[in-house]
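As a plain string of letters, each chain reads:
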Amino acid sequence: MKNAPLPPSEPLATLEILISLAKAQYPDRDVSLIEKAYQFSDQLHQGQRRSSGESYIQHPVEVAKILAELKLDTTTIVTGLLHDTVEDTHATLEEIINQFGSEIGNLVDGVTKISKISFQTSEEKQAENFRKMILAMAQDIRVILVKLADRLHNMRTLQYLKPEKQVRIAQETLDIYAPLANRLGLSAIKRELEDLSLRFTRPEIYYKLVTHVSKKVQEREQYTQDVQALIEAALKEHGYQNARVTGRPKHFYSIHKKMERRNLSYDQIYDITGFRIIVSSVEECYGILGVIHSIWTPVPGRFKDYIAIPKANFYQSLHTTVIGPDGDKLEIQIRTQEMHDMAERGIAAHWAYKEGKTLSKTDERFTWLNRLVEWNRDLTEPNEFLETVKLDLFSEDVYVFTPQGKVLEFPKGATPLDFAYAIHTELGNKCIGAKVNNRMVPLKHRLKSGDTVEVLTSPSQQPHKDWLKLVKTSRARNKIRAFIKSEEHETSKALGEVILDKELKREDLRAKKLIQDGTLDKIAKELSLRSTEDLLSSIGYGKVSVKKVVNKLVPKEREAPPAKELSTSPLQKMFDEAQKKGSPHSVKVRGVDELLVRFARCCAPVPGDPVVGFITRGRGISVHSRKCPKVFQTDPNRLVEIEWDTSAKEARKVKIRVVCSDRPGLLADMSNAIKEQNVNITRAQIGTTKDQKAVCHFVIEIDDTSALRKVLSRLEAIPGVIVAERVQRKEAD
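Residues numbered from 1 in each chain as written. Predicted model: local features only at pLDDT ≥ 70, side-chain atom pairs only at ≥ 80, totals over all residues. Heavy atoms only, no water.

Topic: unusual backbone geometry
We count it as follows: Per the convention used, a helix needs a DSSP run of H or I reaching at least four residues, while a strand needs a run of E reaching at least two, with both numbered from the N terminus.
A positive phi is found at asparagine 437, a non-glycine position, where the angle reads about 55°. Summarising the element assignment, asparagine 437 is placed in the loop between β9 (431-436) and β10 (439-441). The phi dihedral of serine 528 falls on the positive side, at around 65°, and the residue is not glycine. Residue position: serine 528 is located in the loop between α23 (519-526) and α24 (532-541).

Here we look at helix α4 (residues 74-82)
Think of an α-helix as 3.6 residues a turn; residues three or four steps apart then line up on the same face. Where we set the bar: Note on exposure labels: buried denotes an accessible area under 20% of the residue type's maximum, exposed denotes more than 50%, and partly exposed covers the range between, all computed with a 1.4 Å probe on protein chains only.
α4 sits mainly inside the fold: nine of its nine residues count as buried. When we look at burial in α4, the residues that qualify are Thr74, Thr75, Thr76, Ile77, Val78, Thr79, Gly80, Leu81 and Leu82.

Examining the pairing of strand β18 (residues 652-661)
The cut-off we apply is this: Two strands form a pair only when DSSP identifies at least two bridges running between them.
A large share of β18 lies buried, amounting to seven of its ten residues. Sheet topology places β18 next to strand β21 (residues 721-727); six bridges connect them, and they run antiparallel. Each residue of the ladder has a partner; that of valine 658, found in β21, is alanine 724.

Considering the packing of helix α3 (residues 58-69) against α4
Test applied: Each axis is a line fitted through C-alpha atoms, taken for helices only over the stretch in contact, and angles between the N-to-C directions span 0 to 180 degrees. With respect to orientation, any angle under 35 degrees is reported as roughly parallel, any angle over 145 as roughly antiparallel, any angle of 65 to 115 as roughly perpendicular, and every other angle as oblique. Working rule for handedness: look at the near helix, and if it is turned counterclockwise from the far one by less than a right angle, call the crossing left-handed; if clockwise, right-handed. Here, two residues are considered to be in contact whenever any of their heavy atoms come within 4.5 Å of each other. Three classes are used, and their members are as follows: Ala, Val, Leu, Ile, Met, Phe, Trp, Tyr, Cys and Pro are nonpolar, Asp, Glu, Lys and Arg are charged, and the others, Gly among them, are polar.
The N-to-C vectors of α3 and α4 enclose an angle of 160°; their axes lie 7 Å apart at closest approach. Classified by the angle their axes make, α3 and α4 are roughly antiparallel. Of the two possible hands of crossing, α3 and α4 adopt the one that is right-handed. Every residue of α4 that contacts α3 at Pro60, Val61, Val63, Ala64, Leu67 and Ala68 is listed here: Thr76, Ile77, Gly80 and Leu81. Tallied by class, residues from the contact of α3 with α4 come to eight nonpolar, two polar and no charged.

Comments concerning the packing of aromatic side chains
Filter applied, for reference: Classification of ring pairs uses Phe, Tyr and Trp, with its six-membered ring standing for Trp, and accepts pairs whose centres are within 6.5 Å; under 30 degrees between planes counts as stacked, over 60 as edge-to-face, and the remaining range as tilted. Definition used: whenever NZ (Lys) or CZ (Arg) falls within 6 Å of the ring centre and also within 35 degrees of the ring normal, the charge is taken to sit over that ring.
With the rule as written, the count across this model stands at five aromatic pairs. Look at phenylalanine 40 and phenylalanine 100: their rings are 5.3 Å apart centre to centre, the planes differ by 80°, and that puts the pair in the edge-to-face class. Taken together, the residues span a long stretch of sequence, with phenylalanine 40 in helix α2 (residues 32-44) and phenylalanine 100 in helix α6 (residues 93-100) at a distance of 60 residues. Both residues of the pair, phenylalanine 40 and phenylalanine 100, belong to the buried class. Relative to phenylalanine 252, the ring of tyrosine 206 lies with its centre 5.4 Å away and its plane at 85°, an arrangement referred to as edge-to-face. Of this pair, tyrosine 206 sits in helix α12 (residues 203-215) while phenylalanine 252 sits in helix α14 (residues 252-262), and the two are 46 residues apart along the sequence. In this structure, tyrosine 206 and phenylalanine 252 share a single accessibility class: buried. Chaining the aromatic ring pairs together yields one cluster made of Tyr206, Tyr207 and Phe252. The ring of phenylalanine 100 carries the charged tip of lysine 36 above its face, separated from the ring centre by 5.0 Å.

What follows is the structure, given as structure tokens:
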């Protein structure tokens, strides 16, 4: 904006034009809110000038006029008047909401957010992502309509900017906004945006076309009148008295694209005029098509029925090309008035034909629109339509910026982890969080369209199984699983070596020596495994029996006698010896990848309980109490020595039973006693017996057996408590 002298203007007359346009479609429209918005905007923009030197208020008024010409509702027109107030003046969003309500405030906020997006590339894929991002950011379709009107007026006055800005803005319009207008079916706006963009991006082509077309203007006008007369006469002869025939010059950008597609010179462009026939019914469209084809020969392959099969942006019309007078090709479109308005004003025209009707689920013409918006099936008033329309075409997608300005597409609910893995696998593996719009966020933060994301990393970070719950993209999920699988492989390999070494010691052999001399590699091949690593990993996972491996290493005559049916003493003896000597291969519970460790629910061990590990088949180590009956029923070859990791505190659930007298207030006393020990109660179940006693079951979270003993001791000290004890059953977990 420049502070150039303000030329004489008539702002009130401009407001009067806006009011008349607003009342043209709805004569009974209440325009008081429009007048209030004009005064509010005019005051805020006081003293501001555009690059043209005119008062800045002219811009929002022109935007509002474009919206009024599209026959939009009062709320949208008011938003047009206010759309720059938050971005370019001292006004706040709260002021807008206080003055004009939350609906208009939300629309102004939406336009402001889109206006702040910086488009840094014209690459086709990126341009499409930008367009999708705009749609995803706009919770209400009116935001985009206001933004398109804003861009249209800016393009109409682009000549007042510096040349480099002209080219940048015009290219951005061509890449982003003209396709958006097309997607919404706003053909008139799309054509004007394209022509204006061509003027500034390829001025030499634009002005050559202007010159070429203007040279033939008189010739084409006469030709157009003659063809119109021929069509009208033929239609009247066949009973179509009310059909309206018009000739229209093709817009410059479409001529330019046709020249590029067909490699034509300016002198080879003849069909720069198209003809349109407007009728009152669909039946007449097809009837008139027959008349046209009866008087002129149709060009094969150039007929399109967009009535039966509408375009993606709900455009409908019959298109045909025929060999007309003097052998020239004529392009003719046939449509109803409703179709014509829909083609010119797209979604903005829709409700003008739905007054007093509900939208039909079988209305094939609006397949794309049904995808685009959440319909309110009970609409009866036309001006209610836009108030309820919400965008959902890309609601399942999120479009975010890299720090370099590139746009990446993600599914809804994506997190910084998805973003990090989309950039690079190692970036994802080391991700500890992110800065979103320069604000620190955790890994679980959900990204929104328009966010700028910067990944934060740490050399010590590693993927965790819980990350799988946070990510939405298959790439991130696969990368995390691959890392975990690799870690599992390493852990199971180490575990397999422990199990094998323990068994080989009985034969006076050592696993490391057999690995070094290649013996285990041969055994692996015999078992159809690729390497020693795979063999050890399979033993660790429980896929390969350690006994089978030992049998291949030890001659039959040296085999140990078969183990006796295990009762209690041999296994208990092994446990006792391990406790006395200290197992050289003991594995701390926290020292093994958590994916391979689970606590048995049959005995619910807690830190402090003597424990032993059992190698399950494919499910890692199952941790049991040494006193658990199930341990004595298992294969001793699959047992591994483990110990609690005292360096890490992790609460475990334990079930306790308290038998007591049934007296008032006793439950409260017991609860308080447990809480005094800083122990959390996760579940409580109370019952009574016939002899007036109460049996209470609590599930509590404790760090170790020492804390459990203190809780039980404190409970037994309460008057009325008969016994407090631990229950080691499946329910405890």
